[in-house]
Amino acid sequence: MTGTQVLPVLSSAIVLLFALLVFRRFAARRGRHLLIWGIGLLLFGVASAAEAYTAAAWSPLIFRLWYLAGAVLSAAWIGRALNASVMPNSSRACAPSAS
């Protein structure tokens, strides 16, 4: 394993373990913010694993997976998770009113 693979492999292992723990906590407590955090962390872990794979062998499909999961989706989900954690009723405040 090369030096460019070590960090993404460790990162994906740690983040995927943490995502599993967050999903388990969601199953026990049913907090909406925990589900959103779990999805964001899962996407980040997938992106990190895809980065480790592309460091070893090139694949256009894996590169697209890395770009979609890491650059596009994980930031949005983690940002929404932070918003849901800090302001739990924020989705109601942002919804258009009927009046």
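Criteria and cut-off values
Residues numbered from 1 in each chain as written. Predicted model: local features only at pLDDT ≥ 70, side-chain atom pairs only at ≥ 80, totals over all residues. Heavy atoms only, no water. Helix = DSSP H or I, 4+ residues; strand = E, 2+ residues; numbered from the N terminus. Buried < 20%, exposed > 50% of the residue type's maximum accessible area, 1.4 Å probe, protein only. Contact = heavy atoms within 4.5 Å. Core = buried A, V, L, I, M, F, W, Y, C linked by side-chain atoms within 4.5 Å. Axes fitted to C-alpha atoms, helices over the stretch in contact; angles between N-to-C directions. Parallel < 35°, antiparallel > 145°, perpendicular 65-115°, else oblique. Left-handed = near helix turned anticlockwise from the far one by under 90°. Nonpolar A, V, L, I, M, F, W, Y, C, P; charged D, E, K, R; others polar. Patch = residues over 30% accessible without salt bridge, like charges linked within 9 Å, V, L, I, M, F, W, Y side chains within 5 Å. Areas by Shrake-Rupley, 256 points an atom, 1.4 Å probe, with all protein chains shown as cover. Salt bridge = Lys/Arg side-chain N within 4 Å of Asp/Glu carboxyl O. pLDDT = per-residue confidence, 0-100.

K.L.:
Outline the overall build of the chain, supporting the account with residue identities and numerical values.
P.N.:
Within the chain, the secondary structure is distributed over 4 helices and 0 strands. Reading the chain from its N end, one meets helices and strands in the order α-α-α-α. Scored against the burial criterion, the 99 residues of the chain give a buried share of 25%. Here the contacts in the chain between residues at least 6 apart in sequence split such that 57% fall between residues at least 24 apart.

K.L.:
Hey, could you go over the nonpolar core for me, with residue numbers and the actual values?
P.N.:
One finds Val 15, Ala 19, Val 22, Phe 26, Leu 34 and Leu 41 forming the largest nonpolar core, which totals 6 residues. At the level of secondary structure, the elements contributing two or more residues to this core comprise helix 1 (3-29) and helix 2 (32-56). The greatest single-element share of this core, amounting to 4 residues, is contributed by helix 1. Residues within four places of Val 22 in sequence aside, it is in contact with Leu 34, Trp 37, Gly 38 and Leu 41.

K.L.:
Tell me about the packing of helix 1 against helix 2, and please be specific about residues and values.
P.N.:
Packing of helix 1 against helix 2 brings their axes to within 8 Å, and their N-to-C directions diverge by 160°. The angle between helix 1 and helix 2 falls in the class roughly antiparallel. Like other packed secondary-structure pairs, helix 1 and helix 2 cross with a definite hand, here left-handed. Looking at side-chain class alone, the contact of helix 1 with helix 2 contains 21 nonpolar, 7 polar and 3 charged residues.

K.L.:
Please give an account of a nonpolar patch on the surface that cites residues and values.
P.N.:
Together, Met 1, Val 6, Val 9, Leu 10 and Ile 14 make up an exposed nonpolar region whose accessible area comes to about 490 Å². Topologically, Val 6 is positioned in helix 1.

K.L.:
Now, about the environment of Ala 55: what can you tell me, with residues and values included?
P.N.:
As for its placement among the helices and strands, Ala 55 is situated in helix 2. Sequence spacing of Ala 55 and Pro 8 is 47 residues, and the spatial spacing of their C-alpha atoms is 9.1 Å. In contact with Ala 55, other than residues within four places in its own chain, are Thr 4 and Gln 5.

K.L.:
An account of unusual backbone geometry is requested, with residue identities and associated values reported.
P.N.:
At Arg 30, a residue that is not glycine, the phi angle is positive and equals roughly 60°. Residue placement: Arg 30 occurs in the loop between helix 1 and helix 2.

K.L.:
Describe in detail the side chain of Gln 5, supporting the description with residues and values.
P.N.:
When you line up the elements, Gln 5 lands in helix 1. We classify Gln 5 as buried; its relative accessible area is 12%. Not counting the four nearest positions on each side in its chain, Gln 5 is found in contact with Ala 52, Ala 55 and Ala 56.

K.L.:
Account for the confidence of the model for the chain, with residues named and values stated.
P.N.:
When pLDDT is averaged along the chain, the result is 88, and 90% of the positions lie at 70 or above. Within the chain, the element-level pLDDT minimum falls on helix 4 (residues 90-94), averaging 56, and the maximum on helix 2, averaging 94. The low-confidence segment residues 95-99, where pLDDT is below 50, has 0 contacts with residues more than four positions distant or belonging to other chains.

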